[in-house]
Amino acid sequence: MTEQSVTRIQVAGSEGTAPYEVLVGRQLLGELRGLIGDTAQRVAVIHPEALAGTGEAIREDLAGQGYEAIAVQVPNAEEAKTAEVAAYCWKALGQTGFTRTDVIVGVGGGATTDLAGFVAATWLRGVRWIAVPTTVLGMVDAAVGGKTGINTAEGKNLVGAFHPPAGVLADLAALDSLPVHDYVSGLAEVIKAGFIADPVILDLVEADPAAARTPTGKHTAELIERSIRVKADVVSGDLKESGRREILNYGHTLAHAIEKNERYKWRHGAAVSVGMVFAAELGRLAGRLDDATADRHSAVLASVGLPLTYRGDQWPRLLETMRVDKKSRGNLLRFIVLDGLARPVVLEGPDPAVLLAAYGEVSA
Ligand SMILES: NC(=O)c1ccc[n+]([C@@H]2O[C@H](COP(=O)([O-])OP(=O)(O)OC[C@H]3O[C@@H](n4cnc5c(N)ncnc54)[C@H](O)[C@@H]3O)[C@@H](O)[C@H]2O)c1
Ligand SMILES: O=C(O)C(=O)C[C@@H](O)[C@H](O)[C@H](O)COP(=O)(O)O
Ligand SMILES: [Zn+2]
């Protein structure tokens, strides 16, 4: 991709939903009007506190185009993914007289787009929404695929809906203001895409890990586009996670338990990093994964500054939480492991001793 060009990645419609495009480039906000369309009269721009200026600028621009536009500011990060904040958004829509032809625009990281999509899925049983991801993680993963939702005290993303956006605008310029800690967190999902489907991603990160940590890195656009293609390909064939989509949950069974254990104060990507080291060890102990590929996990994740360990004394609590993971069926725990590089498979009901041994790899 050249500096000014726009890459368009198609996501196929499935199970009665419409296809849509993910645009990757710069200065993409001009595309919003076309996506919102002429039938909408009202637009709600849901954004986090950290992007108050951006949210207001988008609102003003849409108001200038004749829409009745409101900005709905929500808390930063996981504090937005609550029933209370969803109710606050519903109230704002109700007070604005939002109808089924009106449109929600979610501007922010994955937490904001998960919330905005959920509000869109539930308001009047479903209105159109557009995702404008502003983090690496949002661009490569959260904004694509239509998984929307909020957390509860009992666990991560336990309440939600499959409700794909009408379009995704991944404007790379947004990454310039992203704190490095959040930028790096998103690399966990980039590296996940590398292990489950596109090893070229791993080669690019390993070639220059320092560059991978910055928006100005030589391969930034390629890393983001390759990761989006992995996600778009998978969700195009399985919107509701009846089969292949489960591979996108690589590392997430333990990650979500860690996030809950930390009362959602850890960044999702940091937890996914630890979760992937655990899943790699589980794959190795289950006789599926070779030593070199398992070891490659810790090496590449550490090279960009992602964590590899979590508190050893927390294993019983984490195991308990993992039992209500969305991949579980009854009492059967299910994990995504690798049968080799880019060969994800489901491992069902591993022996508790093997699970404990795998946790030993990440236990600090
Ligand atoms: N729906 C899905 O398929 C899916 C996929 C992966 C992750 N997720 C979810 O995504 C969430 C994590 O998303 P995230 O990593 O983007 O974190 P985040 O949304 O919590 O954003 C991190 C922080 O950066 C701020 N921020 C966002 N963009 C910014 C910018 N351009 N400049 C400065 N600050 C900015 C946010 O306000 C927040 O404080 C988790 O809740 C996770 O469960 C969902
Ligand atoms: O899109 C998916 O499917 C994923 O699993 C992508 C994950 O990166 C993402 O964190 C997702 O929100 C996890 O979903 P959950 O169903 O396990 O809550
Ligand atoms: Zn994730």
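Residues numbered from 1 in each chain as written. Chains lettered and ligands numbered in written order. Predicted model: local features only at pLDDT ≥ 70, side-chain atom pairs only at ≥ 80, totals over all residues. Heavy atoms only, no water.

- By the naming in an unreviewed UniProt entry, the chain goes by 3-dehydroquinate synthase and is assigned to Streptomyces yaizuensis.
- As its UniProt record puts it under Function (unreviewed entry), the chain is described as follows: "Catalyzes the conversion of 3-deoxy-D-arabino-heptulosonate 7-phosphate (DAHP) to dehydroquinate (DHQ)."
- One UniProt comment on the chain, placed under Subcellular location (unreviewed entry), says "Cytoplasm". (UniProt positions renumbered as here; feature names shortened; annotations may be inferred.)

## Quick word on the sheet that holds strand β3 (residues 42–48)
- One open sheet holds the seven strands; their spatial order is β1-β2-β9-β6-β5-β3-β4, and the pairing between them is mixed. Of all the strands in the sheet, the pair left with one neighbour each is β1 (7–11) and β4 (68–74). If you compare each strand with its neighbour and ignore which way they point, the axes differ by 15 degrees on average.
- Each of β3, β4 and β5 (103–108) is contacted by helix α3 (residues 83–96), which is oriented at about 165 degrees to β4, the strand it contacts most.
- Helix α4 (residues 110–122) rests against β3, β4, β5 and β6 (128–133) of the sheet, and its axis sits at about 170 degrees to β5. (Pairing = 2+ DSSP bridges. Helix = DSSP H or I, 4+ residues; strand = E, 2+ residues; numbered from the N terminus. Axes fitted to C-alpha atoms, helices over the stretch in contact; angles between N-to-C directions. Contact = heavy atoms within 4.5 Å.)

## As for the coordination of the zinc ion (ligand 3)
- Taken together, the protein ligands of the zinc ion (ligand 3) are E189 (OE), H252 (NE2) and H268 (NE2), with distances of 1.9 to 2.1 Å.
- Site description for the zinc ion (ligand 3): donor spacing in sequence, E-x62-H-x15-H. Of the two residues, H252 is situated in helix α10 (residues 252–261) and H268 in helix α11 (residues 268–285); the sequence distance between them amounts to 16 residues. Both residues of the pair, H252 and H268, count as buried. (Donors = N, O, S within 2.8 Å, 3.2 Å for Na, K, Ca; no water. Buried < 20%, exposed > 50% of the residue type's maximum accessible area, 1.4 Å probe, protein only.)

## Structural notes on the site of ligand 2
- Around ligand 2 lies a shell of 13 residues, among which D141, K147, K231, R245 and K326 are the nearest.
- K231 places a polar side-chain atom, nitrogen or oxygen, 2.7 Å from an oxygen atom of ligand 2.
- Within the contact set of ligand 2, an oxygen atom lies 2.7 Å away from a side-chain nitrogen or oxygen of R245.
- In the complex, the protein chains occlude 91% of the 430 Å² of accessible area that ligand 2 would expose alone.
- Sorting the residues of the shell around ligand 2 by element identifies α6 (180–196) and α10 as the ones contributing at least two each.
- Partitioning the shell around ligand 2 into residue classes produces one nonpolar, five polar and seven charged. (Near = heavy atom within 4 Å. Polar contact = N/O pair within 3.5 Å; in protein donor to acceptor, adjacent residues only side chain to side chain. Areas by Shrake-Rupley, 256 points an atom, 1.4 Å probe, with all protein chains shown as cover. Nonpolar A, V, L, I, M, F, W, Y, C, P; charged D, E, K, R; others polar.)

## Topic: the pairing of strand β11 (residues 344–348)
- In the sheet, strand β10 (residues 334–338) pairs with β11 via five bridges, with the strands oriented antiparallel. Each bridged residue has a counterpart across the sheet, and for I336 the counterpart in β11 is V346.
- The antiparallel pairing of β10 with β11 creates a hairpin that spans five residues between the two strands, and G340 there sits at a positive phi of about 135 degrees.

## So, the pattern of salt bridges
- Applying the stated criterion to the full structure yields 30 salt bridges.
- With a closest N to O distance of 2.3 Å, R267 and D182 form a salt bridge. With R267 in the loop between α10 and α11 and D182 in helix α6, this residue pair connects regions lying 85 residues apart in the sequence.
- Classification of D182 as buried rests on a relative accessible area of 17%.
- Across the pair R311 and D313 runs a salt bridge whose closest N-O atoms are separated by 3.3 Å.
- In this structure R311 comes out as partly exposed when scored by relative accessible area, which is 41%. (Salt bridge = Lys/Arg side-chain N within 4 Å of Asp/Glu carboxyl O.)

## Considering the UniProt feature "binding site: NAD(+)" (unreviewed entry) in the chain
- Here, the residues flagged by UniProt with the feature "binding site: NAD(+)" (unreviewed entry) are G110, A111, T112, T113, D114, T134, T135, K147 and K156. Of the residues named above, K156 line the largest cavity.
- Note that G110 resides in helix α4.
- Classification of G110 as buried rests on a relative accessible area of 13%.
- Setting aside anything within four residues of it in sequence, one finds G110 in contact with T135, G138 and A142.
- Looking at the element boundaries, T135 is found in the loop between β6 and α5 (136–142).
- A relative accessible area of 14% means that T135 is categorised as buried.
- Sequence-distant contacts of T135, that is, excluding residues within four places in its chain, are made with G108, G109, G110, L175 and L178. (1 Å grid on protein atoms, 1.4 Å probe; cavity = no way out; pocket = protein on both sides within 12 Å on 5 of 7 lines; lining within 4 Å.)

## A short note on empty space enclosed by the protein
- Under the definition given, this model contains seven cavities of 30 Å³ or more.
- For the largest cavity, the calculated volume is near 100 Å³.
- At the level of elements, β8 (155–162), α10 and α13 (315–322) are the ones that each hand at least two residues to the lining of the largest cavity.
- Grouping the constituent residues of the lining of the largest cavity by class yields four nonpolar, four polar and four charged.
- Computed from the structure, the second largest cavity encloses a volume of approximately 60 Å³.
- Along its surface, the second largest cavity is lined by V11, A12, G13, S14, T17, A18, Y20, G145, P164, V235, S236 and L239.
- Broken down by class, the residue content of the lining of the second largest cavity amounts to seven nonpolar, five polar and no charged. (Points joined across faces, edges and corners; volume = space filled by probe spheres on them.)

## Here we look at the layout of surface pockets
- The computed volume of the largest pocket comes to approximately 1100 Å³.
- Taken together, 50 residues form the lining of the largest pocket, with G110, A111, D114, L137 and A142 sitting closest to its centre.
- Counting residues per element, the ones that place at least two in the lining of the largest pocket are α4, α5, β7 (147–152), β8, α6 and α10.
- For the lining of the largest pocket, the leading source of residues is β8, giving seven residues.

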